[in-house]
Amino acid sequence: MQSGVIIFLSLIAGLVVGIVVMFLISKAGLNKDQQKAEKILRDAQIEADAKIKQAVLDGKTQAHELRVEAEKEIKEKKQEAMNFENKLIRKEDSLNFRDEALAQKERQVNDKMQKVTDKLSSLDAKEKKLQEQIDQQIVVLEGVAKMSSQDAKKELFAVVEKKMEHETIAYIKEKEDEAKSCAKEKAQNIIALAIERMAQQETQERTVSVVSIPSEEMKGRIIGREGRNIRAFETATGVELNIDDTPDVITITCFNPVRREVARLALEHLIHDGRIQPGRIEEVVKKYQQEIDQEIMKAGEDAIFKLGIGRIDREIVRLIGTLKYRYSYGQNALQHSMEVAYLAGAMAAELGLNQQMAKRAGLLHDIGKALNIEQDGSHVELGYKFCKKHGEKEIVLNAIQSHHGDVEPKFLTSHLVIAADTISAARPGARKESAQAYIDRLENLEKIATEHEGVQNAYAIQAGREIRVLVHPDQVDDLTCTKLAREIREQIESELTYPGQIKVNVIREVRAQEIAK
């Protein structure tokens, strides 16, 4: 027990001694830190004072430099101001000098204006006097010539006009001859090369189709009881059947060539099959309509493939195939369009143009003929609108519009299509024409020529391709012949419709005759 108390008391005594020792140690360290802090403060104060002194010194130095620089700048500004003032003084002196010079010139101009005014007054008086003398001379001349001044003026104008007309005609003729000498040979060569590559083919226009029947009994079966079979056939096909007394023949009439062809094939099939009744008729007609549609598409695709003109809208392809059943003046429209395409492409190749585009324009130039069978409007207008709707290029659209002169051709390819169309339509055997229409055209040609003053006789030759005009040599001179030929050509172009071209030849013949006695 006592040892435990002793140990406890020893612990307390050690604790107290430790606390005292620690207190002493901490007090000694605090005094040391205070001394260090005081030293740091003294050093900082000394350094701050040094920096303040240095800053004051630097500020004084900078202020001095700024003052010196400001004084220098002020001095320069004063010098610039003095220079500007001197310049203004010099300009003022110059302006004063110019003002004096202008004032002097103004005085000189006023003096000259006064002199001009005086001269004008003098000239007016002289002109008045001269006019009086001219009037007196005119009166004397009118009395001598027995002609008024207006009559003399008209006669003089007539002489001058006639002289100028002859000179104009001579100039035009000279330029035409110059152009022809250069262009005629090249154009003939190009067209000849194009024509050589073409295979000519003659066709006949058809508005009716004829179907042979094995016996007269078949007519009655086609008509049917109370005409029901023929009515069903005409309703399904849109054609007209003519069953008359002609033996073993039935005539199909329709202006639409596609419908007429469908009707012909369907009727031949029904006759061969022998089952002729309304239901069977509708079935057969529908079958052949589909076959003809396929044949039309194939014809269009074949034409495009042969020409090698690339991709075309399918609706346009269908119309191209439809041209196979379209005839114009006895000429098959598809063959004509392909012929124009070949010719235009050949000429384009010779001229270095886009051959494929020329062929495309030539093939599509008459595409409207597949539309105007059932639509109102010219084939030019219908073809232009249809091709424009389906995205054809401007060069093709212009060729369609201009190939009959409805609009001006904008591209050289359009001129080639016009030339190719004329060649294809005008070649021998391309078209046929009724005798009466042929005679009327020749008579109209001769009538137009004989209406002009100075014409003695006119003869249409070369099947209406040329008109020869004989003139009175004492009424028409050589230069007037050129003018007369142009006037006849313009009248023919404006009044007549004709395929191809018509050459106008004006002939003036002078014969000198004497009789020796």
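Structural data are supplied above this passage.
Residues numbered from 1 in each chain as written. Predicted model: local features only at pLDDT ≥ 70, side-chain atom pairs only at ≥ 80, totals over all residues. Heavy atoms only, no water.

Visitor: Just checking my understanding: could you explain the overall build of the chain for this structure?
Guide: Check the secondary structure of the chain and you find 14 helices and eight strands. Each of the 517 residues in the chain was classed as buried or not, and the buried ones make up 30%. Sequence-distant contacts in the chain: of pairs separated by 6 or more residues, those separated by 24 or more amount to 61%. Here the chain has roughly 35500 Å² of accessible surface; of this, 54% comes from carbon and sulfur atoms. (Helix = DSSP H or I, 4+ residues; strand = E, 2+ residues; numbered from the N terminus. Buried < 20%, exposed > 50% of the residue type's maximum accessible area, 1.4 Å probe, protein only. Contact = heavy atoms within 4.5 Å. Areas by Shrake-Rupley, 256 points an atom, 1.4 Å probe, with all protein chains shown as cover.)

Visitor: Explain the packing of helix 6 (residues 278-307) against helix 8 (residues 333-351) here, please?
Guide: Between two packed helices, the angle of one axis relative to the other and the distance separating the axes together describe the packing. For the pair helix 6 and helix 8, the least separation of the axes is 11 Å and the interaxial angle reads 15 degrees. On the basis of the axis angle, helix 6 is roughly parallel to helix 8. Relative to helix 8, helix 6 is oriented so that their crossing is right-handed. Here Ala 299, Ala 303, Lys 306 and Leu 307 of helix 6 come into contact with helix 8, specifically with Leu 334, Met 338, Ala 341 and Tyr 342. In terms of residue class, the contact of helix 6 with helix 8 is built from seven nonpolar, no polar and one charged. (Axes fitted to C-alpha atoms, helices over the stretch in contact; angles between N-to-C directions. Parallel < 35°, antiparallel > 145°, perpendicular 65-115°, else oblique. Left-handed = near helix turned anticlockwise from the far one by under 90°. Nonpolar A, V, L, I, M, F, W, Y, C, P; charged D, E, K, R; others polar.)

Visitor: Whenever I open this one, the nonpolar core confuses me. Can you help?
Guide: A general trend in soluble globular proteins is that nonpolar side chains are found buried together. Formed by 42 residues in total, the largest nonpolar core has its most connected members in Ile 320, Leu 363 and Leu 364. Listed by contribution, the elements that provide at least two residues to this core are helix 6, helix 7 (314-322), helix 8, helix 9 (355-364), helix 10 (379-389), helix 11 (394-402) and helix 12 (412-426). In terms of residue count, helix 8 provides more of this core than any other element does, nine residues in total. Those residues in contact with Ile 320, other than ones at most four positions away along the chain, are Gly 300, Ala 303, Ile 304, Ile 312, Leu 334, Leu 363, Leu 364 and Ile 367. Core analysis: the second largest hydrophobic core is formed by 28 residues, Ile 230, Leu 241, Val 258 and Val 284 among them. (Core = buried A, V, L, I, M, F, W, Y, C linked by side-chain atoms within 4.5 Å.)

Visitor: Explanation requested: unusual backbone geometry in the structure shown.
Guide: Generally, phi is negative for residues other than glycine and the peptide bonds are trans, each holding for most cases. Of note, Glu 226 is a non-glycine position whose phi angle comes to about 55 degrees, a positive value. Within the secondary structure layout, Glu 226 lies in the loop between helix 3 (217-223) and helix 4 (228-237).

Visitor: Could you clarify how one ought to interpret the pattern of salt bridges in this entry?
Guide: Counting across every chain of the model gives 16 salt bridges. The partner of Arg 264 in a salt bridge is Glu 268, and the shortest N-O contact between them spans 3.1 Å. In this pair, Arg 264 and Glu 268 both sit in helix 5 (residues 257-273), four residues apart, roughly one turn of the helix. Across the salt bridge formed by Glu 315 and Arg 318, the nearest N and O atoms sit 3.3 Å from each other. Placement of both Glu 315 and Arg 318 in helix 7 is noted, with a separation of three residues, approximately one turn of the helix. Judged by relative accessible area, which is 36%, Glu 315 ranks as partly exposed. Residue classification places Arg 318 among the partly exposed residues on the basis of a relative accessible area of 34%. Ionic contacts of the salt-bridge type, sharing partners, join the residues Glu 261, Arg 264 and Glu 268 into one network. (Salt bridge = Lys/Arg side-chain N within 4 Å of Asp/Glu carboxyl O.)

Visitor: For this particular structure, what's the right way to read a negative patch on the surface?
Guide: Together, Glu 65, Glu 69, Glu 73, Glu 76 and Glu 80 make up a region of like negative charge exposed at the surface. Within the fold, Glu 73 resides in helix 1 (residues 2-145). When its relative accessible area of 45% is taken as the criterion, Glu 73 is described as partly exposed. (Patch = residues over 30% accessible without salt bridge, like charges linked within 9 Å, V, L, I, M, F, W, Y side chains within 5 Å. Lys, Arg positive; Asp, Glu negative; His and termini not counted. Charge placed at Lys NZ, Arg CZ, Asp CG, Glu CD.)

Visitor: Quick question: what am I supposed to make of helix 5 here?
Guide: Helical geometry note: an α-helix holds 3.6 residues per turn, so side chains three or four residues apart project in the same direction. Its 17 residues place the ends of helix 5 24 Å apart at the C-alpha level, agreeing with the 24 Å of an ideal helix rising 1.5 Å per residue. Listing the buried residues of helix 5 in full gives Pro 257, Val 258, Arg 260, Glu 261, Val 262, Ala 263, Leu 265, Ala 266, Leu 267, Leu 270 and Ile 271. Of the residues trailing helix 5, Gly 274 is marked for its positive phi of about 90 degrees. (Expected span 1.5 Å × (residues − 1).)

Visitor: Explain the packing of helix 5 against helix 6 here, please?
Guide: At their nearest, the axes of helix 5 and helix 6 sit 9 Å apart, and the two run at 130 degrees to each other. As summarised for this structure, helix 5 and helix 6 are arranged oblique, according to the angle between their axes. Two packed elements cross with a definite hand, and for helix 5 against helix 6 that hand is right-handed. Along the contact surface, helix 5 presents Val 258, Glu 261, Val 262, Leu 265, Ala 266, His 269, Leu 270 and Asp 273, while helix 6 presents Arg 280, Ile 281, Val 284, Val 285, Lys 287, Tyr 288, Gln 289, Ile 292 and Ile 296.

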